[in-house]
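Coordinate inspection notes
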There are 2 protein chains.
Amino acid sequence: MMNIPTSSQPRVVIIGGGFGGLSLAKKLKNKNFQVVLLDKHNYHTFQPLLYQVATGGLESGSIAYPIRKVVQKLDEIYFRLAEVERIDTVNKKVIADIGTIFYDYVVIATGSKTNFFGNEEIKNNSMAMKTIPQSLNIRSLVLENFESALLTNDINEQKALMNFVIVGAGPTGVELAGALAEMKKHVLPKDYPDLDFRKMTINVIQGAGKVLDAMSDKSSKAAEKFLDKLGVNVWLNEIVVGYDGKTVKTKSGKEFQAETVIWTAGVMGAPVEGFDATVIQRGNRIKVNEFNQVEGFTDVFAIGDVATMMTEKTPMGHPMMAQPAIQQGDLLAKNLERLKEKKPLKPFVYNDKGSMATIGRNKAVVDLPKFHFNGFFAWFVWMFVHLMSLIGFRNKLVVFWNWLYNYLMFDRQARLIVRPYKKKNSESFDNNLAK
Amino acid sequence: MMNIPTSSQPRVVIIGGGFGGLSLAKKLKNKNFQVVLLDKHNYHTFQPLLYQVATGGLESGSIAYPIRKVVQKLDEIYFRLAEVERIDTVNKKVIADIGTIFYDYVVIATGSKTNFFGNEEIKNNSMAMKTIPQSLNIRSLVLENFESALLTNDINEQKALMNFVIVGAGPTGVELAGALAEMKKHVLPKDYPDLDFRKMTINVIQGAGKVLDAMSDKSSKAAEKFLDKLGVNVWLNEIVVGYDGKTVKTKSGKEFQAETVIWTAGVMGAPVEGFDATVIQRGNRIKVNEFNQVEGFTDVFAIGDVATMMTEKTPMGHPMMAQPAIQQGDLLAKNLERLKEKKPLKPFVYNDKGSMATIGRNKAVVDLPKFHFNGFFAWFVWMFVHLMSLIGFRNKLVVFWNWLYNYLMFDRQARLIVRPYKKKNSESFDNNLAK
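Residues numbered from 1 in each chain as written. Chains lettered and ligands numbered in written order. Predicted model: local features only at pLDDT ≥ 70, side-chain atom pairs only at ≥ 80, totals over all residues. Heavy atoms only, no water.

**Comments concerning the overall build of chain A**
If you tally the helices and strands in chain A, you get twelve helices and 25 strands. For 435 residues, the compact-globule estimate of 2.2 N^0.38 gives 22 Å, and the C-alpha radius of gyration of chain A, at 23 Å, lies within 12% of that figure. Principal axes of the C-alpha set define a box for chain A whose edges measure 70 × 55 × 45 Å. Out of the 435 residues belonging to chain A, those deemed buried represent 60%. (Helix = DSSP H or I, 4+ residues; strand = E, 2+ residues; numbered from the N terminus. Rg over C-alpha atoms; globule rule 2.2 N^0.38 Å. Buried < 20%, exposed > 50% of the residue type's maximum accessible area, 1.4 Å probe, protein only.)

**Quick look at the domain arrangement of chain A**
All names here are of chain A. Taken as a whole, chain A is organised into domain 1 (11-40 + 82-114 + 268-340) and domain 2 (120-265). The interface is formed by four residues belonging to domain 1 together with four residues belonging to domain 2. Both sides of the domain 1 and domain 2 interface together cover about 250 Å² of buried area, and 57% of this is carbon and sulfur. The largest share of the area that domain 1 buries against domain 2 comes from S112, K113 and T114, three residues that together contribute 97% of it. (Domains from an automatic or database assignment. Contact = heavy atoms within 4.5 Å. Buried area = accessible area lost by both parts, 1.4 Å probe.)

**Digging into the nonpolar core**
Counting residues in hydrophobic clusters, the biggest one holds 128 residues, and the most contacted among them are A:V94 and B:F146. Counting residues in each nonpolar core, the second largest holds 96 residues, with A:M127, A:V142, A:L161 and A:V174 among its members. (Core = buried A, V, L, I, M, F, W, Y, C linked by side-chain atoms within 4.5 Å.)

**Focus on the interface of chain B and chain A**
Taken together, the contact between chain B and chain A spans 68 residues of the former and 68 residues of the latter. Across the interface of chain B and chain A, roughly 6,400 Å² is buried in total on both sides, 51% from carbon and sulfur atoms. The interface formed by chain B and chain A holds eight salt bridges in total. The closest approach of N and O atoms between B:E59 and A:R394, which form a salt bridge, is 3.1 Å. The set of elements that each furnish at least two residues to the side of chain B that touches chain A consists of β4 (64-66), α3 (67-71), β5 (77-81), α4 (120-125), α5 (132-149), α7 (171-191), α11 (393-409) and α12 (427-433) of chain B. Examining the composition of the side of chain B that touches chain A, we find that eight residues originate from one element, α11(B), more than from any other. Residues belonging to the side of chain B that touches chain A are distributed by class as follows: 31 nonpolar, 18 polar and 19 charged. (Salt bridge = Lys/Arg side-chain N within 4 Å of Asp/Glu carboxyl O. Nonpolar A, V, L, I, M, F, W, Y, C, P; charged D, E, K, R; others polar.)

**Notes on the relation of the copies chain B and chain A**
Each copy of the sequence occupies a distinct position, and chain B is placed on chain A by a rotation of 180° and an axial shift of 0.0 Å, giving an RMSD of 0.0 Å. Viewed as a symmetry operation, the transformation between the two copies matches a two-fold axis. In terms of proximity to the rotation axis, the leading residue of chain B is B:V398, whose C-alpha is 3.2 Å off the axis. With an isologous cut-off of 70% or more, the 99% of interface residues of chain B that recur at the interface of chain A puts this contact in the isologous class. (Least-squares fit on C-alpha atoms with pLDDT ≥ 70 in both.)

**Concerning the environment of A:T314**
Residues and elements named next belong to chain A. Its location among the elements puts T314 in the loop between β22 (307-308) and α9 (322-340). Along the sequence, T314 and I132 sit 182 residues apart, while their C-alpha atoms lie 31 Å from each other. Of the polar contacts made by the side chain of T314, one reaches the backbone oxygen of M309; its length is 3.0 Å. (Polar contact = N/O pair within 3.5 Å; in protein donor to acceptor, adjacent residues only side chain to side chain.)

**A look at the packing of helix α1 (residues 19-27) of chain A against α9(A)**
Axis angle and axis distance: for two packed helices, these are the angle between their axes and the distance between the axes, and together they describe the pair. All names here are of chain A. At their nearest, the axes of α1 and α9 sit 7 Å apart, and the two run at 30° to each other. In this view, α1 runs roughly parallel relative to α9, as classed from their interaxial angle. Where α1 crosses over α9, the handedness of that crossing is right-handed. In this structure, α1 contributes F19, G20, S23, L24 and K27 to the contact, and α9 contributes A322, A325, I326, G329, D330, L332, A333 and L336. Among the residues making up the contact of α1 with α9, the classes are represented as eight nonpolar, three polar and two charged. (Axes fitted to C-alpha atoms, helices over the stretch in contact; angles between N-to-C directions. Parallel < 35°, antiparallel > 145°, perpendicular 65-115°, else oblique. Left-handed = near helix turned anticlockwise from the far one by under 90°.)

**Looking at the packing of aromatic side chains**
Residue and element names in this part refer to chain B. Taken as a whole and assessed by the stated rule, the structure comprises 33 aromatic pairs over all chains. When the centroid spacing of 5.1 Å and the interplanar angle of 35° are considered together, the rings of W379 and Y407 count as tilted. Of the two residues, W379 sits in helix α10 (residues 376-389) while Y407 sits in helix α11, which places them 28 residues apart along the sequence. With relative accessibility at 10%, the residue W379 sits in the buried group. (Phe/Tyr/Trp six-rings, centres within 6.5 Å; stacked < 30°, edge-to-face > 60°.)

**Considering unusual backbone geometry**
Excluding glycine, most residues fall at negative phi; most peptide bonds, likewise, are trans. Residues and elements named next belong to chain B. The backbone of N3 sits at a positive phi, close to 55°, despite the residue not being glycine. Tracing the backbone shows N3 in the segment before β1 (11-15). In this model, N237 sits at a positive phi of 55°, which is unusual for a non-glycine residue. Residue placement: N237 occurs in the loop between β13 (233-235) and β14 (240-243). Assessed through its relative accessible area of 55%, N237 is described here as exposed.

**Concerning the environment of A:P369**
Residue and element names in this part refer to chain A. The topology assignment puts P369 in the loop between β24 (363-368) and β25 (371-374). On the accessibility criterion, P369 (55% relative accessible area) is exposed. For the pair P369 and I87, spaced 282 residues apart in the sequence, the C-alpha separation amounts to 38 Å. Not counting residues within four places of it along the chain, the set of residues in contact with P369 comprises D352, K353 and G354.

**A look at helix α11 (residues 393-409) of chain A**
Its 17 residues place the ends of α11(A) 24 Å apart at the C-alpha level, agreeing with the 24 Å of an ideal helix rising 1.5 Å per residue. Along α11(A), the residues that are buried comprise A:R394, A:N395, A:L397, A:V398, A:V399, A:N402, A:W403, A:Y405 and A:N406. Buried residues along α11(A) sit in contact with α2 (50-54), β4 (64-66) and α10 (376-389) of chain A together with α3 and α11 of chain B. Just downstream of α11(A) lies A:F410, where phi reads positive at about 50°. (Expected span 1.5 Å × (residues − 1).)

**Let's talk about the UniProt feature "transmembrane region" (unreviewed entry) in chain A**
UniProt's feature table lists "transmembrane region" (unreviewed entry) at residues 371-393 of chain A, given in the numbering used throughout. Counting secondary structure, residues 371-393 of chain A comes out at 65% helix and 17% strand; the distance between its end C-alpha atoms is 31 Å. (UniProt positions renumbered as here; feature names shortened; annotations may be inferred.)

**Considerations on the sheet that holds strand β21 (residues 300-302) of chain B**
Residues and elements named next belong to chain B. If you walk across this open sheet you meet the five strands as β5-β2-β1-β9-β21, and the pairing is parallel. Across the chains shown, the open sheet's two edge strands, defined by having one partner strand only, are β5 and β21. Each strand axis lies, on average, 15° off the axis of its neighbour in the sheet, ignoring direction. Sheet analysis places strand β2 (residues 34-39) next to β5, joined by five bridges and oriented parallel. Directly across from V35, in β5, lies its bridge partner I77. Of the strands in this sheet, β1, β9 (105-108) and β21 are in contact with helix α9 (residues 322-340), which crosses β9 at around 160°. (Pairing = 2+ DSSP bridges.)

Written out as structure tokens, the structure reads:
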């Protein structure tokens, strides 16, 4: 039972406390709605920095923010920790694990998840990096592999333990490869003086003909050069078709022996149940009109990664990034008010602020709408923008100090195996679960 | 296979990277030993601040320090992530999950674990707080209980969800109770405005006739007054005899309905296998002589919590705290050198620097050997000593900023359920484990 009081004001149920859901919730302040926010976690995740949690640069709490702390400042808002099972659009209710709630308006802001394109073998054997627990798993696995590499005299086994294959060279794959390369240069050889770090290899496998293929050619070329400088092997035009836990295989017949494969090659929408297949479009995203209304409804909305708004300018929908989600959330707050007042709705126009990626120390690429640059200044801009985008003063401060420390000391101190990943059945793992 | 090279220098195997093991390893620098350090975690845990991780005041990474970072600065030291199964003192070898290693000297520094005094029911239903994963479990459970309290209209169930029973009023129990009381005052009512916080109760149940019974009467009285001011119910001379997951029962017949019971009522040594029962003394600790040699051996040592050195001055052994462990580790480094040089060993003399506990904002008690004080200045001393005792500049800095932020903002931002505790079988939990 959700225990939400009845209200004289119309009720907006928002599913998901990511960039889109939170921006909408904040903007609904003093707009005379009762807002119910549901999320399966009690925190907001700042996804752009997950790769730093995975590589020991940041603690997980630094990029997570309690959702209840966000909603404290708002009025007539109710947060519930809940997993939504489905939406019943006929009876206008949301069915979750903790009960059922009726809505006047419902907003699906459930984001995206890793897309393995139906390959179960790859899904079962490779690592995804879309959530904090997943990033902590990668951190544990990377460190555990170095511990294991110390224990073997079989050179092939050692090489496989020290070979990191990243599938996909979008911003996530490129940033992760850069961070691993920095660890190889500055941290790991000091931690494991007995290992020969010429055996450590970082392979990025990209299906397209260039890295960062959503960015400008200039930035793409620069990123490739940065990766090369850091000793990362980039494989272009190679499609990964299998990984059995030991060997990565590509369509063209290449093979990589690796104990760690991180899959950043695709994301897809993570919609809730309750819609016809016709509403679910390419990339598992929900088809919405220019007001973010789900096709066929006036009271059901989808925003952010989970929504695809196919206009003339964006035939494939908007990019699955924070900015479209935030901007759609902002506009939807206004449109919900207009809907209540029976005024005509305003169509969404995406304000493309550009995109960026960092590849390591002093290295980043930035695409502004009319200007592309890279190098030290781009890296500085990347840091500033990410720091300012973090929610909360404490998180900004803690991340700032960690970055300053890491930069000056060439260090990454969160290299902690707090929750072992490999030793799932060992006593220490059971201890983690129970006591 | 451990892959430790043979050496012309005698090999010291240290089991455990706690306060004792690390202080010994550091002091063996340039002493012409080959040192092998084994621990089941790749990090050192600063146990005195675990209660702050449990109550959302600090992230876990702030009180953990990578052991490899400590040993980087040392020469001829080998760290291995390993769980020791037993010691074979006849053949002078240590048998671990990753293989076997021969020693010239072996030092058991495996610390202590929670003592449930053989009560399986309490062990299965209550929470312990000796490790980082355990503290994170408590954090998750506390927050999950408030989320659940929102969902019920059964007043008794709600009260049980908001009732926190801490068994044991040593420093850990008292500090945890104080932190929970501060959360009740400053954080939780803002997060859960729909809950009536008069229903939230914190009960500390103590077997002895006073709280902090290892400290002075003055400090004990002051601590009790502080707890009372914070609204914590203290029950003295009450022995908890059972907890079935719903009801705490005491010997005198009292009952407490509580969904959360944290057991801080006892610790016991956590020795390794391989010794006769006669060597294992009261509190499961290994009997050592004044040189920390295990009874009957000249080449097997135990230090810290796991060791009990029964002298005239300390008939029950030294207190199970950081200081005796650190001091014994320091002395043992010197004694190992003397042993190698066939010089007579120096006996251990404990330098009691005093003890302290904090009960909440601006409140602490300090016992110096000849002087006892409490209140604001004591609280300041407590903070300073704990900050300075943390290993590493980054950890000091991050904890300092968090404390300053928490103090000024009356906040505790690490109130994150990163790994759900209750919903063990839900999808989100499985996701945490796998991907």
